[in-house]
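Residues per chain are reported as follows:
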Amino acid sequence: MPRPATLLRLAALALLLAFLIVPQRFAPLFVPFTEYGAPPIYDQGSLPMLALAHLGTVFAATAVSAIVAIGLGILVTRAGGAEFLPLSRTLVNIGQTFPPVAVLAIAVPLVGFGELPTLIALFAYGLLPIFENTLSGLQSCPPAVVEAADGMGMSPRQRLLAVELPLAMPLILEGVRLSLVVNVGTATIGSTVAAKGLGEVIIAGLLSNNTAFILQGGLVTGLMAILLYELMGTVERRILRATHLA
Amino acid sequence: MIEISSLSKVYAEATVVDEVSMVVAGGSITAIVGTSGSGKSTLLRMINRLVEPTRGRVVINGRDAATVPGHLLRREIGYAIQGHGLFPHRTVAENIATVPRLLGWQAARTRARVEELLRIFQLEPAEYGAKFPHQLSGGQQQRVGVARALAAEPRVLLMDEPFGALDPIIRGQAQDDLRDIQRRFGTTVVLVTHDIDEAFRLGDHVGVMSRGRLLQYDRPAMLLTHPADPFVSRLTGTADRALKLLSLTTAAQAMEPGAAAGDGPAVAATDSLRDVLAQLLWSGAAAATVRRPDGSAAGQVTLAGILARGRSD
Amino acid sequence: MVQALHARRRIDRLGALLGVVAMVAATTLPFVVFKANRIASGEPRSLLAALPSAPLLLASVALLAVAAAFVRQARARLAAAVVGVLTVALALAWAADALTPAGNRLVRISPGAGCWLLLLAFALIATDALARLRPGPLARVGALALMAAAMWAAFAAGLFDQLSIMREYAVNASGFGRELRQHVLLALGSVGAATLVGLPLGITCHRVPRVRGAILQVLNLVQTIPSIALFGILMVPLGALATAVPLAADLGINGIGPAPAAVALFLYALLPVVANTVVGLGRVSPVAVDAARGMGLTSWQVLGEIELALALPVIITGIRIVLVQNIGLVTIAALIGGGGLGTYVFQGVGQTAIDLVLLGAIPTVALAFSAAVLLDALVDLTGRAAP
Ligand SMILES: Nc1ncnc2c1ncn2[C@@H]1O[C@H](COP(=O)(O)OP(=O)(O)OP(=O)(O)O)[C@@H](O)[C@H]1O
Ligand SMILES: [Mg+2]
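These numbers were taken from a predicted model, which means no experiment stands behind them. (Residues numbered from 1 in each chain as written. Chains lettered and ligands numbered in written order. Predicted model: local features only at pLDDT ≥ 70, side-chain atom pairs only at ≥ 80, totals over all residues. Heavy atoms only, no water.)

Visitor: Account for the sheet that holds strand β9 (residues 205-210) of chain B, with residues named and values stated.
Guide: Residues and elements named next belong to chain B. Here six strands make up an open sheet; going across it, the order is β6-β7-β8-β3-β9-β10 and the pairing mixed. The sheet terminates laterally at β6 (77-81) and β10 (213-218), the two strands that pair on one side only. Across the sheet, the axes of successive neighbouring strands diverge by a mean angle of 15°, strand direction being ignored. With five bridges connecting them, β6 and strand β7 (residues 156-160) associate as parallel partners. Counterpart to Ile 81 in the pairing with β7 is Asp 160. Against the sheet, helix α1 (residues 40-47) touches β3 (29-34), β6, β7, β8 (188-192) and β9, its axis set at about 155° to β7. (Pairing = 2+ DSSP bridges. Helix = DSSP H or I, 4+ residues; strand = E, 2+ residues; numbered from the N terminus. Axes fitted to C-alpha atoms, helices over the stretch in contact; angles between N-to-C directions. Contact = heavy atoms within 4.5 Å.)

Right, dumping it as structure tokens:
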């Protein structure tokens, strides 16, 4: 017998999939929110395709952020990169004061409308949590453990791969999870610069004053973000259990 | 054998180890004592080049340590530290197998060695091998730490306050274990400690450091009877140095022929004179009988004999 | 080999890298972009083409770049970098003046990639020097005030009036103050309300472990919902409320406009405040609480004088997080008619006018940055008393 929380998650997933595949079945629920006979269900594009495009953008951007951020985090915690550590720390802090909308909006004039500015904004915004968590993960390795690794004759590379990264993994994964979820939200804003995604539904609702669109767009992205958050949590626990860090 | 000559370490302006020279005889234990910040750990870490010396030379078993890449050198030298530094994400067996793996030992040989070590340290392999460090008690973790340092059969073992975090009873046991194992494998041990009693108990030789300099390096008894520096006598303690001296001598060394009168207590040949004195005071007798393991009398230790040994000369 | 090591140590690799970037930016990239009018396509102008005094400027940039690479003393580096930023800013103002024909209000001049990169390089050197100096909280606030004063003086003197972004400001001058106020009001109001509600909620969570999990989980869920979605979703109940209760509509509560934005921002702000209160209270040493009880303090006195006092830095850290976050999120409120600086951002996106975007984005970033500096200082100041 699965736990109630698991059942709830499965139900949410089923609901999301059902809505994406046969949205017209849900039309009666949204009719009360329309005026003057406007369509209750988004009809200017295929919802499953939009959802896939949305997820694709989010995953692609987060993957690149993860590679860059983890790489950078490793670099500045090595002896050779130590000179860059104070600056990179401060930059991470300052970077967090940049609203995602600003990053997105500034990218548009530089690269034009569409997916690219969204990818850039998501990439930039996804860097921060992962970089920060990589740093604190690598730096919070107990000094005695690192010293023992050195003392037993591990090369710097062996120490990194066999000791430091595995110990930092929980925090790094947590950073990736955070980035992923934040990016689901930020990608919604991407629709204001004509990126394909679920934000389109909300924006269409705002433009045509159709509350039903706003509501379904909001519910679908919200549900997706929550499910993704939970899914990442499960993946994280699996990995940690496999590496005995839980 | 470890020959250290004119070894120094300078950080920015501060000289934390200053022209230290010493020879650690093969198969012996050398204990380094000193106040906090006196450079003990730095000296120790220059031997396996965790810290690169600024000046000077370390020759280990005839080979200049500077001629070997640091990490390869460290694979040949055991290293155990305070707080053990066990890898939390590896099992006890995996932890112990670390250096054999780095050295590319065959799996079967590694496994056999791990089991041997676990047995030596009184940890049943079947029960403890698959456990994770956090599932062990502090004393057990410490033993695994030392076992790990010994895994690749190093001829030299460096220890930095290895027993610092243990309670007195467990610590005593760990010290005895170390003594046994060192004798058994003939390992050359350099051990850093805060605890002067530990140094006297374990060290064949004791080095006293202060402000980066090695003030005296000698047999424990010589430190008590012939301190080279006022700091040495302050560190070793003047109030109870007679008792300390007694604790460095065994009953066998002070034994006279004959047997004690009926009310004299029985002691073993390996008991320290300090323990024998305590027994004599407690029982009110003037002499104790030294008995062999089979119970037969080997000789006696008299109060007068003990008093003569505790005198400075 | 030791000597080689020393020689290598003498140059600062970060400074050298940024110095090279600055030099490349100054010599090869367009310093400003010239447009005959707002919709004309831009023509890049290099530093040499834009300014009569360019060689002098190039020389000083080169000098500063060299200083960044070889001066290792943090204060001197900071000074050099600040001089660098000021030089580039002045050069930008002069270039705009020089390129604008007298009396022409149509020409648009905006900073080019070279100018941005130069500013970035010097700002990074300054940031690095500051990070190494580790100034105390009051010094940081002082530096912020100095920065704000310098900016204000530059604007008051009309130094940048010929720049495109200031042209956009001039066009929007009448509404700018209102949007700025609205922005600050939404951010501060939502965080203030969240603090008023979140603090008691956090204390409850701390004292009643049974409800802790549930409350934190619900707030976690709320945080997960994308902002734009939450804004949209909240329009429904608030719109319904306005229809059902005319009084609410009179009070300005409406499906569209600032109300859903304010509610959504409030909801977003709750989690960090509550979570940090719980963490902060949880970290208070039980010994201190025990000692206070032992001395006869009442339960409320223990809470006020010991627990909250000791947890204050952590709680303020939570408030800092949400304030910075909400200053950014308010920009999105413009999409649902909530006003704020986001209005310019989205207008600018709509018209592909980067200057209009920047008119909204730069003040937003400045606000968030100032809030972060101020609250960080407060965290440090309150943290001094705690162990
Ligand atoms: N990497 C370093 N850089 C600069 N100074 C250092 C460094 N490592 C150690 N020191 C300084 O060298 C001195 C000696 O340090 P060391 O660790 O050898 O002392 P210790 O005798 O082991 O002390 P303790 O008993 O506290 O462990 C100390 O003053 C320490 O601050
Ligand atoms: Mg030490």
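From this point, things continue past the structure.
Visitor: If you had to explain the interface of chain A and chain B to someone new, which residues and values would you point to?
Guide: Listed as interface residues are 19 residues of chain A and, on the opposing side, 23 residues of chain B. Arg 45 of chain B is paired through a salt bridge with Glu 147 of chain A; the nearest N and O atoms lie 2.3 Å apart. Between the two partners, chain A and chain B, sit seven residue pairs in polar contact (both at pLDDT 80 or more). Counting residues per element, the ones that place at least two in the side of chain A that touches chain B are α7 (143-151) and α8 (156-190) of chain A. Among the elements that make up the side of chain A that touches chain B, the one with the highest residue count is α7 of chain A (seven residues). When its residues are assigned to classes, the side of chain A that touches chain B shows eleven nonpolar, six polar and two charged. (Salt bridge = Lys/Arg side-chain N within 4 Å of Asp/Glu carboxyl O. Polar contact = N/O pair within 3.5 Å; in protein donor to acceptor, adjacent residues only side chain to side chain. Nonpolar A, V, L, I, M, F, W, Y, C, P; charged D, E, K, R; others polar.)

Visitor: So what's going on with helix α12 (residues 258-283) of chain C? Residues and values would help.
Guide: One turn of an α-helix holds 3.6 residues; hence residues three or four places apart share an orientation. Under the 1.5 Å per step criterion, the end-to-end length of α12 of chain C is 38 Å for 26 residues, consistent within 8% with the ideal 38 Å. Most pronounced at Leu 270 of chain C, the bend in α12 of chain C amounts to some 25°, and the proline Pro 272 of chain C follows within four residues. (Expected span 1.5 Å × (residues − 1). Bend = angle between axes of the 7 residues up to and from the residue.)

Visitor: For the domain arrangement of chain C, give the residues involved together with the corresponding values.
Guide: All names here are of chain C. Considered domain by domain, chain C is made up of domain 1 (2-158) and domain 2 (173-385). For domain 1 and domain 2, the distance between their C-alpha centres works out to 35 Å. Contacts between domain 1 and domain 2 engage nine residues on the former and 14 residues on the latter. Summing both partners gives a buried area of about 940 Å² for domain 1 against domain 2, and 68% of it is carried by carbon and sulfur. Ranking the residues of domain 1 by area buried against domain 2 places Pro 137, Arg 140 and Leu 144 at the top, with a combined share of 48%. Counting across the interface, domain 1 meets domain 2 through one salt bridge. A salt bridge links Asp 380 to Arg 140, with the shortest nitrogen-to-oxygen separation between them at 2.9 Å. Put simply, domain 1 and domain 2 have one residue pair in polar contact (both at pLDDT 80 or more) between them. A total of six residues in the side of domain 1 that touches domain 2 trace back to one element, the largest contributor, which is helix α7 (residues 137-156). Of the residues that constitute the side of domain 1 that touches domain 2, the class distribution is six nonpolar, one polar and two charged. (Domains from an automatic or database assignment. Buried area = accessible area lost by both parts, 1.4 Å probe.)

Visitor: Describe the packing of helix α10 (residues 227-244) of chain C against α12 of chain C, and please don't skip the residues or the numbers.
Guide: In a packed pair of helices, the relevant descriptors are the angle between the two axes and the axis-to-axis distance. Residue and element names in this part refer to chain C. Packing of α10 against α12 brings their axes to within 8 Å, and their N-to-C directions diverge by 125°. As far as their axial angle goes, α12 and α10 are oblique. Once α10 is placed against α12, the crossing between them reads as right-handed. Counting all contacts with α10, which are made through Ser 227, Leu 230, Phe 231, Leu 234, Met 235 and Leu 238, the residues of α12 involved are Ala 259, Pro 260, Ala 261, Val 263, Ala 264, Leu 265, Leu 267 and Tyr 268. For the contact of α10 with α12, a count of residues per class yields 13 nonpolar, one polar and no charged. (Parallel < 35°, antiparallel > 145°, perpendicular 65-115°, else oblique. Left-handed = near helix turned anticlockwise from the far one by under 90°.)

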